[in-house]
Amino acid sequence: MDVWEQFIILLEGVPVTLSISIISFLIGIVIGLPLAFIRVYEKDASFIVDAYEKIFRGIPEIVLLLLFFFGLGPIFPFPFGIPFFVACFVLGLRSGANQSQIYRGAIRGVGDEQMIAGMSVGFSKWRAIWHIMIPQVFNFSTAGLGSEYALLIKDSAYVYVIAVADLMYSAVHLASAPPYDRVTPYVLTAALYIALTFPIAFYLDKWGSRRKKKIGL
Amino acid sequence: MGKQKKEEDRVVRKMAEYVMEAKHVYKSYGKPKVKKGEISLDTKLVVEAVRDVSLQIRKGDIKLVFGPSGSGKSTLLRCLAMLDIPDKGQIYLGDEELTKSGVDLNKARARIGFVFQHIYLFRHLTALGNVELALRKVLKLPKEEARKRALDALTEVKVSDCVSKYPSQMSGGQAQRVGIARALARNPDIILLDEPTSALDPELTGEVIDTLRDLAKEGTTMLIVSHEMPFAREVAEEMIFYDEGRILETGPPSQFFNAPNTDRAKKFMDRIIKRTTRE
Amino acid sequence: MFEWLLNPMFQQMILEGVLLTIEITLFGVLLGLGVGTLLAIGDIYGNKPVKAAIAVYVEFFRGGPLFVQIFLAVYTLPTLLNLQIDHAILAFLVFGLNSAGYQKGYIKSSMEAILGDQMQAGLSVGLSKAQTVRSVILPQAYRIVIPSWTNEFCSLTKSTAVLSYVGLMDLVGAGRSILFRNMEILPVWIVVAIIYLAWITGFSKMMDIIYEKKKIPGIELSA
């Protein structure tokens, strides 16, 4: 099998990698955004957020994947018996923890005055958050979110351990089958991952400095 | 030919009399264009901080450079200490030409004491540590001796109560005095001070000025950039009016406070005096 | 559910797994610190080719998953070089070099936060550039960088979970081995998760305390 054929086989794993990353990222927004605001504006409930973050900073993704798929899977075949679901589930929860931190920083960056201004025109706390804070928070978070997305693309490789047919999986299977080529698949895979994450890093830099100029920093 | 040689000898002998000398120094910031060995500058983007400045400082001199802000006084001082490298011209420390290539600038800077406007103490070290560092690493003194000299320097500027304090735990006046001690401890040939009181709260400038007054009494060679006029009148032997990159006028304080020669100096002194008398 | 924990053989396996995990994490992170510092200094003071090389290095190690890099090191490299190298050593090297790519960023930004005036101050007392970097800049940079570095340590610990997939017996490997002989799956992974959680949380807490003590009064990198 020549390089080109191997490359095509590897490419078949890329859509899976990308869909896992994107879905996890979206789950992360849905979880992270509320958590961040709770942490900043509802001090009584903030221990929940802290506990959540601690859990996902403290347990390896692989362990969680194995725990849910092999541990919970047999007990609840739906949905924890579906590798793709567990993959998005675990990575999504993890991303939620990371994004919660990112948005927290962004909230601080936007500043309390915005909240106060919002409430002064009659918005309740949570409406002010929805209409005024959230749009601005996204503006401030692009750098952090960009690197979080890149992180998700890289960490998606972990789902190999629960046999999801992503890029990593394709690579290992290419290498483990005749002719047992240990070089080409892995080198190509490394290059493919770099190709997937590079545009993000590049545009982050450009976008970040362009926007800084716009706000007049 | 012989006359020229005698003239050169006299100049060489004279040069050795100076602690520091600057000769036709140029320094600008901006985008220089190198044209056939001569540096010409794109005038639109450039700040000419030092333009053909020459000055000499003898041992024991106390000179004060003053003038409008932004005129390049700080840059001149930093060129003397070779913290900025001049574009053209020569800087001499005693006999040694610092602007020559191949000179060990670190050794030279070890003989110069520099005090910054914004103090710039080493934040991770205590006052004692700040003063000791160069003694141990540059002069390579043994621990005991370095410590003793550092303590002496700190006592001399009257901050012995700050010895174990970190910069963030000191007041601005104390920090700046530690900065002076740090400059003093190496027994440098000359001390250059860049607006030592400008960044301090008014109540705190007094302590620093007192320290400088003491140093002046002891005969320390100093070149100070400052606009503390009362101090200037009392302590400076010569005042240098500096504007837009050039030395416009020099003379004893009495000249400036009574009858400056140049119009610009006159205008400047008027504004300053009006300001101080109104306070 | 958890009776198997009383089995001394299983306890032994877990212990050995924990030890290997900690070993590789520790050495990897320290290697990363050393190489990362060199990369940071090179990126600040180096000439164009040096900076370009550093950029390529960083892009390579930060651009792909550690998982792939480990496989590259453990399977591809020996094949190319026709050598047999101990997997643990290869793993340690990959972890270290990978971590260096990230640590270079933290160290460089903390150095740059300090550089300007402290370098001036150092030069003004006669220290050379190199002496100033060593005695003035790095001591401050290392203290500022502690929170980011702790983060990196936790991140690396989690990444070691891939080690059992290249034949090394780390904590996850211990879990998988235990599962060959134990029928109940969930409890084993729960225990493994708890051990990781305790270790990482404890370590972070400890570093927080150290940071409070060691931090220079008055300087902090704004999070």
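Residues numbered from 1 in each chain as written. Chains lettered and ligands numbered in written order. Predicted model: local features only at pLDDT ≥ 70, side-chain atom pairs only at ≥ 80, totals over all residues.

A. The overall build of chain A, seen in detail. In terms of regular secondary structure, chain A is built from ten helices and zero strands. Going from N to C terminus, chain A has its helices and strands arranged as α-α-α-α-α-α-α-α-α-α. Taken along its principal axes, the extent of the C-alpha atoms in chain A is 70 × 50 × 25 Å. When contacts within chain A are restricted to residue pairs at least 6 apart in sequence, those whose partners lie at least 24 apart make up 75%. (Helix = DSSP H or I, 4+ residues; strand = E, 2+ residues; numbered from the N terminus. Contact = placed C-beta atoms within 7 Å.)

B. Seen up close, the overall build of chain C. Helix and strand counts for chain C stand at eight helices and zero strands. Taken from N to C terminus, the helices and strands of chain C fall in the order α-α-α-α-α-α-α-α. For chain C, the spread of C-alpha atoms along the principal axes amounts to about 70 × 45 × 25 Å. Looking at chain C as a whole, 44% of its 223 residues qualify as buried. Long-range contacts, defined as pairs at least 24 residues apart, comprise 76% of the intrachain contacts of chain C with a sequence gap of at least 6. (Buried ≥ 20, exposed ≤ 12 C-beta atoms within 10 Å, placed from the backbone.)

C. Structural detail: the interface of chain C and chain B. Counting from both sides, the interface comprises 20 residues of chain C and, opposite them, 22 residues of chain B. Elements supplying a minimum of two residues to the side of chain C that touches chain B: α4 (87–124) and α5 (129–144) of chain C. A per-class count over the side of chain C that touches chain B returns nine nonpolar, nine polar and two charged. (Nonpolar A, V, L, I, M, F, W, Y, C, P; charged D, E, K, R; others polar.)

D. Structural detail: the confidence of the model for chain A. Averaged over chain A, the pLDDT score is 88; the fraction of residues at 70 or greater is 94%. Averaged pLDDT values for the elements of chain A fall to 79 in helix α10 (residues 184–215) of chain A and rise to 95 in helix α4 (residues 61–72) of chain A. (pLDDT = per-residue confidence, 0-100.)

E. Quick peek at the sheet that holds strand β7 (residues 96–97) of chain B. Residues and elements named next belong to chain B. The strand order across the open sheet built from four strands is β4-β1-β6-β7, with neighbouring strands paired in antiparallel fashion. Here the strands that pair on one side only, and so sit at the sheet edges, are β4 (47–58) and β7. By the bridge criterion, eight bridges tie strand β1 (residues 18–29) to β4 in an arrangement that is antiparallel. Paired with S28 across the two strands is E48, which belongs to β4. (Pairing = 2+ DSSP bridges.)

F. How the structure looks around the arrangement of the chains. Contacts between protein chains span two pairs of chains, and they are most numerous for chains A and C. Over all C-alpha pairs, chain A and chain B never come within contact, reaching a minimum spacing of 21 Å.

G. Inspection of the interface of chain A and chain C at higher detail. Contacts between the two partners involve 33 residues from chain A, matched on the other side by 30 residues from chain C. Every element with two or more residues in the side of chain A that touches chain C is listed here: α3 (46–58), α4, α8 (125–155), α9 (167–176) and α10 of chain A. Here the residues of the side of chain A that touches chain C are counted per class, giving 22 nonpolar, five polar and six charged.

H. Helix α2 (residues 48–63) of chain C, seen in detail. Taking 1.5 Å per residue as the helical rise, α2 of chain C with its 16 residues ought to reach 22 Å, and the 22 Å between its terminal C-alpha atoms agrees with that figure. Along α2 of chain C, the positions that sit buried rather than exposed are F61, R62 and G63 of chain C. (Expected span 1.5 Å × (residues − 1).)

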